[in-house]
Amino acid sequence: MLENKKVPIPVTKTLLLTRQDDILYLIDVNTKARWIDEESFSKAKAKSKK
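Reading guide: rules and limits
Residues numbered from 1 in each chain as written. Predicted model: local features only at pLDDT ≥ 70, side-chain atom pairs only at ≥ 80, totals over all residues. Heavy atoms only, no water. Salt bridge = Lys/Arg side-chain N within 4 Å of Asp/Glu carboxyl O. Helix = DSSP H or I, 4+ residues; strand = E, 2+ residues; numbered from the N terminus. Buried < 20%, exposed > 50% of the residue type's maximum accessible area, 1.4 Å probe, protein only.

> It is not clear to me how the pattern of salt bridges should be interpreted in this structure. Could you clarify?
Pairing between side chains of opposite charge can happen when their charged atoms approach one another. Scanning the entire structure with this criterion turns up 3 salt bridges. Ionic pairing is found between Asp28 and Lys13, a salt bridge with its closest N-O pair at 3.5 Å. Taken together, the residues span a long stretch of sequence, with Asp28 in strand 2 (residues 23–28) and Lys13 in the segment before strand 1 (15–20) at a distance of 15 residues. Overall, Asp28 belongs to the buried group, its relative accessible area being 2%. Lys43 serves as the salt-bridge partner of Glu39, at 3.3 Å between the closest nitrogen and oxygen.

Here's what the structure looks like:
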């Protein structure tokens, strides 16, 4: 507590940037959660339709 107010605990994540099939992913190394780069995903999706 700081001045009678709760202080939130900061969240720290370790992320790994990877590329699979021209799509960029951020992967949380602890939980294996993935985030996809929307721009590269859209480009890959458009490329596969051709």
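Right, picking up where we left off after that structure.
> Explanation requested: the environment of Thr18 in the structure shown.
Mapped onto the secondary structure, Thr18 falls in strand 1. You can call Thr18 partly exposed: its relative accessible area is 22%. Each C-alpha atom of the pair Thr18 and Asn30 lies 15 Å from the other, and the pair is 12 residues apart in sequence.

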